[in-house]
Amino acid sequence: MKKLKLFGAAALSVAAMTVLSSAPVQAQSAGKSLTPVGAEKSANADGSIPAFAGGELKAPAGWKAGQPRPNPYASEKPLVSITKANAAQYQANLTPGQLELLNTLPGYRLDIYPTHRSCGYPDFVYQRSEENLKTAKIAANGYELAAAAPAGFPFPQPNSGIEAIWNYKLRWLGEGRTEPNYTLLSPGRGGSDFVKVRIESSMLTPFGNPKAKTLAEAEGVEFKFIQEVTEPAARVGEITLGIYYLNKTNEGWIYMPGQRRVKRLSTYAYDAPLMGLENTYYVDQAWMYNGMLDRYDYKLVGKKEIYVPYNTFELRNAKRFTAKTLFGAQYPNRDAYRYEKHRVWVVEATVKAGQRHAAAKRTFYLDEDSWTILLADLYDSQGKIARVQEGSILPAWELGACVNQEFFSYDLNSGRYFGDVMVFGEPETDWLAAAQGRIKKDMFTESYLQRAGSR
C-alpha cells in the first residue's frame, strides 16, 4: 500500500467544517421541535433526512425473536456511489476519516441509500430521559456522572461534549444479552490469513434496568461481561470477566485453562493494546469507545449532516454472502454496507494537559436519534489520522430500540482492519436474556469465573 496521505482539500479538521448548529440544543425550542432523546423532529432543508415519525419498532410480519433478521429495505437501490473519483463532490457530508479511506483503499466506496429514521425507544426510556433534563448532572471533576435516572439518556439536551459522550456510554440496549460473536484481524501486507477469535459472550447492563431509580440502584456499573473463547483451539476455554464502572477504572479477570487458575488483569484500559492484535486496536476502542473519561477534554462542536452506516442488515445476510465474500483483505465487501444521510453530533476529544494517550485527538460522530457513535477518527501526536472506526446500527424489534454491533477499525499505519463483535453466521443475539432471566448477575463475579473454568 502506498504511503497514506490526506485527500487534498478534504484534509480539514472537524473544527473547520461547516456545522449545522454550534449552539447547545437547548437554544432550540424543546418539546414541540425535539424528540424525548433530543433529536430534531423536523426534516432537513432539502428533505433528504425525513421528519421523525417515532422509529420503526414493529417486526416484519411473521418474524420471531431468534430468527435471522430480514432487511426491510432490501429492494432499495443506492442513490449514489461515492468513490475516490467523485469524493470531492460530496465532501461536505463526509468525515476526514471517510475521505482518507476513499483515497487510500483501492476500490473502496460508500453506497448511499434513502434515509430511514428507524431508531425509536420504549416509552419508559423517553420518560426517564425527560426526567434527566432536571436531575442528571456531571460531577465537580468535570467528567464523572454525579446523578442520572437509569434506563434513560442522561443528557438528551447536552450542553457539552462530556454530556454527549455519556449519552453514548449509557444508550439503552436493554438489561443484558447473550451475544455469540467473533473478532477478525485482516492479513498483514502480503499475508493471506485472517486472525479469528470466536467468543460466547454474555453482557449485563444494570443502568438499563427500568426498576432502578438511582445510580446506586444500578450498582454504579455501566456494564459487565463474561466471554468464553471457543476458537482457535489454542485458546479454547479461556474466559474473561470485565466490569466497567460508571466512575472508576474498569476491572478484569481471566481464567487460563492451561494453568487452571484465575488471574486478575492489570490496568487494562485506555490505550493498552488489545491482546493478540499486533498493536492495531486499543482497549478503549471496543464498542467504538469505552472506559473512564478523565484523559480527554470533550468539545461539543455542533451538528452536521453526514453519510453514516445505518440500517446495516446486509452485514449479517448469510444467504447473500459467505465469510470469504464478506471479509475482503483490505475492507469488508462494499455491497454489504449501507450508508444514509443523518444528522450527527460532532464531539472532539483532545488529550488533557498532564495526561497521555496514543490517540492525541479523537473525533466522534453521534447519531442524533440514538446517540450511537457511528464514526470516529483517531489522530496521532503529529495530527495525522492513524485509525478510522466505523460502527453499525439497526432496530432490534423485540427490544423496541436500535442496537449496534459489527465495529470496524482501520489501522492506517499497518494497512490492516479489525472487526469487533462480528455476528455474521452466528446465532441471533438474545437481547432479552437478562429481562427474561436467562442470564443473572451472579454470573458476573470472580468466583463464578473460577467455577465456570473448573467445570
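Rules used throughout
- Residues numbered from 1 in each chain as written.
- Predicted model: local features only at pLDDT ≥ 70, side-chain atom pairs only at ≥ 80, totals over all residues.
- Heavy atoms only, no water.
- Helix = DSSP H or I, 4+ residues; strand = E, 2+ residues; numbered from the N terminus.
- Polar contact = N/O pair within 3.5 Å; in protein donor to acceptor, adjacent residues only side chain to side chain.
- Buried < 20%, exposed > 50% of the residue type's maximum accessible area, 1.4 Å probe, protein only.
- Arc of directions from axis to C-beta.
- Contact = heavy atoms within 4.5 Å.
- Core = buried A, V, L, I, M, F, W, Y, C linked by side-chain atoms within 4.5 Å.
- pLDDT = per-residue confidence, 0-100.
- Disulfide = S-S within 2.5 Å.
- Pairing = 2+ DSSP bridges.
- Salt bridge = Lys/Arg side-chain N within 4 Å of Asp/Glu carboxyl O.
- Phe/Tyr/Trp six-rings, centres within 6.5 Å; stacked < 30°, edge-to-face > 60°.
- Lys NZ or Arg CZ within 6 Å of the ring centre and 35° of its normal.

Trainee: Would you explain the environment of E238 in this entry?
Mentor: Its place among the elements puts E238 in the loop between β8 (221-231) and β9 (239-245). Sequence-wise, E238 and Q227 are 11 residues apart; in three dimensions their C-alpha atoms are separated by 8.2 Å. A polar side-chain atom of E238 sits 2.6 Å from a polar atom in the side chain of R235.

Trainee: How should helix α6 (residues 446-454) be read in this particular structure?
Mentor: An α-helix turns once per 3.6 residues; consequently, residues spaced three or four apart project the same way. Residues of α6 that are buried: Y448, L449, A452 and G453. One side of α6 holds all its buried residues, which, seen down the axis, span an arc of 130°. The inward-facing, buried residues of α6 abut β8, β9, β10 (251-256) and β11 (261-264).

Trainee: Sorry if this is basic, but what is going on with the nonpolar core here?
Mentor: Within soluble globular proteins, side chains that are nonpolar generally end up buried alongside one another. Membership of the largest hydrophobic core comes to 87 residues, with the highest contact counts inside it found for Y121, W166, W287, Y298, F364 and I373. In contact with F364, other than residues within four places in its own chain, are I165, M288, Y289, Y298, W345, V346, V347, A349, I373, L375 and A376.

Trainee: Help me understand the confidence of the model for the chain in this model?
Mentor: Atomic detail in the predicted coordinates should be set aside for any region of low pLDDT. Model confidence for the chain is summarised by a mean pLDDT of 92, while 93% of its residues fall at 70 or above. In the predicted structure, residues 1-18 sits below a pLDDT of 50 and forms 41 contacts with residues beyond four places in sequence or in another chain. Considering only residues more than four positions removed or in separate chains, one finds that residues 21-29, a stretch of pLDDT under 50, has 20 contacts.

Trainee: How should the state of the cysteines be read in this particular structure?
Mentor: Two cysteines form a disulfide when their sulfur atoms are joined by a covalent bond. Summed over all chains, the structure comprises 1 disulfide. Covalent S-S linkage joins C119 and C402, the inter-sulfur distance amounting to 2.1 Å. Sign of the S-S torsion, about -90° for the bond between C119 and C402, identifies this disulfide as left-handed. Here the residue C119 occupies a position in the loop between β2 (110-112) and α3 (123-135), and C402 occupies one in strand β18 (residues 401-403), the gap between them amounting to 283 residues.

Trainee: Would you explain the pairing of β10 in this entry?
Mentor: For a regular strand, the rule is simple: side chains alternate between the two faces of the sheet. In terms of strand pairing, β9 meets β10 through 5 bridges, oriented antiparallel. Bridge pairing in β10 places I243 opposite E251. Here β9 folds back onto β10, and the loop between the two strands holds 5 residues. Direction of pairing for β10 relative to β11: antiparallel, over a ladder of 4 bridges.

Trainee: Please explain the pairing of β8 as it appears in this structure.
Mentor: The buried count for β8 comes to 8 of 11 residues, which makes it a mostly enclosed element. Bridging between strand β7 (residues 195-204) and β8 involves 7 bridges; their strand directions are antiparallel. Bridging across to β8, S201 finds its partner in Q227.

Trainee: I'm lost on the pattern of salt bridges in this one. Help?
Mentor: Evaluation of the coordinates by the stated rule reveals 27 salt bridges. The salt bridge involving E222 is made with K169; its shortest N-O contact spans 2.8 Å. With E222 in strand β8 and K169 in helix α4 (residues 161-169), this residue pair connects regions lying 53 residues apart in the sequence. One exposure class covers both E222 and K169, and it is buried. Where R416 meets E278, a salt bridge forms, and the shortest distance between an N and an O atom there is 2.8 Å. On the criterion of sequence distance, the pair formed by R416 in strand β20 (residues 416-422) and E278 in the loop between β11 and β12 (296-309) is long-range, its members being 138 residues apart. Taking relative accessible area as the criterion, E278 reaches 55% and is therefore assigned exposed. Salt bridges sharing partners connect three or more residues here, namely E40, R117, K303, R343, E368 and D369.

Trainee: Would you mind showing me how to read unusual backbone geometry here?
Mentor: Trans peptide bonds make up most of the peptide bonds, and negative phi angles are found at most residues other than glycine. Looking along the chain, the bond that leaves E231 and enters P232 is cis, with omega of 10°. Tracing the backbone through its elements, the reader meets P232 in the loop between β8 and β9. Even without glycine at this site, Y270 takes up a positive phi of about 55°. With respect to the helices, strands and loops of the structure, Y270 is situated in the loop between β11 and β12. Its identity is not glycine, yet N279 carries a phi of approximately 60°, on the positive side.

Trainee: Which parts of the structure should I look at to understand helix α2 (residues 96-104)?
Mentor: With 9 of 9 residues buried, α2 lies mostly within the body of the structure. Those residues of α2 that fall on the buried side of the exposure criterion are P96, G97, Q98, L99, E100, L101, L102, N103 and T104.

Trainee: Would you mind showing me how to read the side chain of T429 here?
Mentor: Checked against the element boundaries, T429 lands in the loop between β20 and α6. The class for T429 is buried, based on a relative accessible area of 5%. Of the polar contacts made by the side chain of T429, one reaches the side chain of Q405; its length is 2.8 Å. Beyond its immediate sequence surroundings of up to four residues, T429 is in contact with R69, R177, T178, E179, E398, Q405 and V423.

Trainee: What am I meant to see in the packing of aromatic side chains here?
Mentor: In total, this model carries 23 aromatic pairs according to the counting rule given. An aromatic cluster of at least three residues, connected via ring pairs, comprises Y108, F194, Y331, Y337, Y339, F408, Y410 and Y417. Directly above the ring of W166 sits K169, whose terminal nitrogen or CZ lies 5.2 Å from the centroid.

Trainee: When you look at the environment of D294 in this model, what are you seeing that I'm missing?
Mentor: Within the secondary structure layout, D294 lies in the loop between β11 and β12. Residues D294 and E144 lie 150 residues apart in sequence; the distance between their C-alpha atoms is 8.0 Å. Contact partners of D294, with chain neighbours within four places excluded, come to Y143, Y270, K352 and Q355. Reaching out from D294, the side chain makes a polar contact with the side chain of Y270 at a distance of 2.8 Å.

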